[in-house]
Amino acid sequence: MTLLHFLPFTMLFAAASLLAILGFAARYYLPILLIAYGAAAQLELITVWAVLPMTLLGLAGWGMRAQRRSVRLLAHLAFVGTALALLLHRFAGFNNPMVFASQALSADALPFALYLNLDKPLIGFSLLLIFPLLAQRMSIQKTLGAAMVSLIAAMAVMVPLAISWHVVAWQPKWPEMTALCC
């Protein structure tokens, strides 16, 4: 993978940064998204098949503005279905580059591989294009307050459940790839 292959991901990061700094203004980050996915197509990181989920997300967004309730419901279901399929990498056309190959970070750990994804950012940016109120500018105190309450509530529920179901266990260790290893 060459340094040029990081261009689409750099552009996606720039679009997300502009969104965070300037608030919702599609005129700022939409051109950067188009450049990012155009560069990805040029570098063959996405193929023509990647247009299918993009089209489905666009149609779902258009359908959510319809007058008829049944059309809006169908559009919401289509959006959720497309988002889940993107999340699970069920759409062809995305050649996500591998950052590092599958490796176990410790003797008893499951192998883990890291990829740079072009399909998952579509979900977040589509949500922001469809629901601009999600990117509404708020004071930093309100934003951090809401984030902290949500984080603490999620941790209070999820961590005990994960431990009681033996999904996770407390086993602190440092993988060899970090500078903190012995």
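Quick caveat, the model's predicted, so the values are computed rather than measured.

> Tell me about the overall build of the chain, and please be specific about residues and values.
Each helix and strand counted, the chain has six helices and two strands in total. Going from the N terminus to the C terminus, the chain shows its helices and strands as α-α-α-α-β-β-α-α. Counting only contacts in the chain whose residues sit at least 6 apart along the sequence, the fraction spanning at least 24 positions is 63%. Entry remark: accessible area of the chain is about 12800 Å², with carbon and sulfur atoms responsible for 72%.

> Which residues make up the environment of A15, and what are the values?
Along the polypeptide, A15 turns up in helix α1 (residues 7–22). Residue classification places A15 among the buried positions, given a relative accessible area of 0%. For the pair A15 and A36, spaced 21 residues apart in the sequence, the C-alpha separation amounts to 9.0 Å. Those residues in contact with A15, other than ones at most four positions away along the chain, are Y29, I32, L33 and F125.

> So what's going on with the packing of helix α3 (residues 51–63) against helix α4 (residues 69–87)? Residues and values would help.
Running from N to C, α3 and α4 point in directions that differ by 150°, and their axes come no closer than 8 Å. Comparing their axes, α4 and α3 come out roughly antiparallel. In this structure, the crossing between α3 and α4 has a hand that is left-handed. Between α3 and α4, the residues in contact are P53, L56, L57, A60 and G63 and V71, R72, A75, A78, F79, T82 and L86, respectively. Residue composition of the contact of α3 with α4, grouped by class: nine nonpolar, two polar and one charged.

> Account for the nonpolar core, naming residues and giving values.
Among the nonpolar cores identified, the biggest contains 31 residues, and L12, Y29, I46, F79, L86, F94 and L118 are the most heavily contacted of them. When contributions to this core are tallied by element, the ones reaching two or more residues are α1, α2 (26–42), α3, α4 and α5 (120–130). Sorting elements by how many residues they give to this core places α2 first, with six residues.

> Tell me about the side chain of T82, residues and numbers included.
Looking at the element boundaries, T82 is found in helix α4. Those residues in contact with T82 that lie beyond four places of it in its chain are P53, L56, L57 and F91.

> Please provide a residue-by-residue account of helix α6 (residues 140–164), values included.
In this model α6 runs 36 Å from its N-terminal to its C-terminal C-alpha over 25 residues, within 8% of the 36 Å that 1.5 Å per residue would give. Where α6 bends most, the angle comes to about 25°, and this point is M155. With its phi angle positive at about 60°, H166 sits one or two positions after the end of α6.

> Please provide a residue-by-residue account of the packing of α4 against α5, values included.
Their axes nearest at 8 Å, the elements α4 and α5 cross at an angle of 155°. The angle between the axes of α4 and α5 places the two elements in the roughly antiparallel class. By crossing handedness, the relation of α4 to α5 is classed as left-handed. Facing F79, A83, L86 and L87 of α4, the residues of α5 in contact are K120, L122, I123, S126, L127 and I130.

> Describe the side chain of N96, naming the residues involved and giving the relevant values.
With respect to the element layout, N96 can be found in the loop between α4 and β1 (98–103). Taking the relative accessible area as the measure of exposure, N96 reaches 16% and is therefore buried. Separated by 3.4 Å, the side chains of N96 and D119 make a polar contact.

> Go over the environment of I130, please, and point to the residues and values.
Its location among the elements puts I130 in helix α5. A sequence separation of 72 residues divides I130 from G58, and the C-alpha atoms of the two residues are 8.5 Å apart. Once residues within four sequence positions are removed from consideration, I130 is found in contact with L57, G61, M64, R65 and F79.

Conventions used here
Residues numbered from 1 in each chain as written. Predicted model: local features only at pLDDT ≥ 70, side-chain atom pairs only at ≥ 80, totals over all residues. Heavy atoms only, no water. Helix = DSSP H or I, 4+ residues; strand = E, 2+ residues; numbered from the N terminus. Contact = heavy atoms within 4.5 Å. Areas by Shrake-Rupley, 256 points an atom, 1.4 Å probe, with all protein chains shown as cover. Buried < 20%, exposed > 50% of the residue type's maximum accessible area, 1.4 Å probe, protein only. Axes fitted to C-alpha atoms, helices over the stretch in contact; angles between N-to-C directions. Parallel < 35°, antiparallel > 145°, perpendicular 65-115°, else oblique. Left-handed = near helix turned anticlockwise from the far one by under 90°. Nonpolar A, V, L, I, M, F, W, Y, C, P; charged D, E, K, R; others polar. Core = buried A, V, L, I, M, F, W, Y, C linked by side-chain atoms within 4.5 Å. Expected span 1.5 Å × (residues − 1). Bend = angle between axes of the 7 residues up to and from the residue. Polar contact = N/O pair within 3.5 Å; in protein donor to acceptor, adjacent residues only side chain to side chain.

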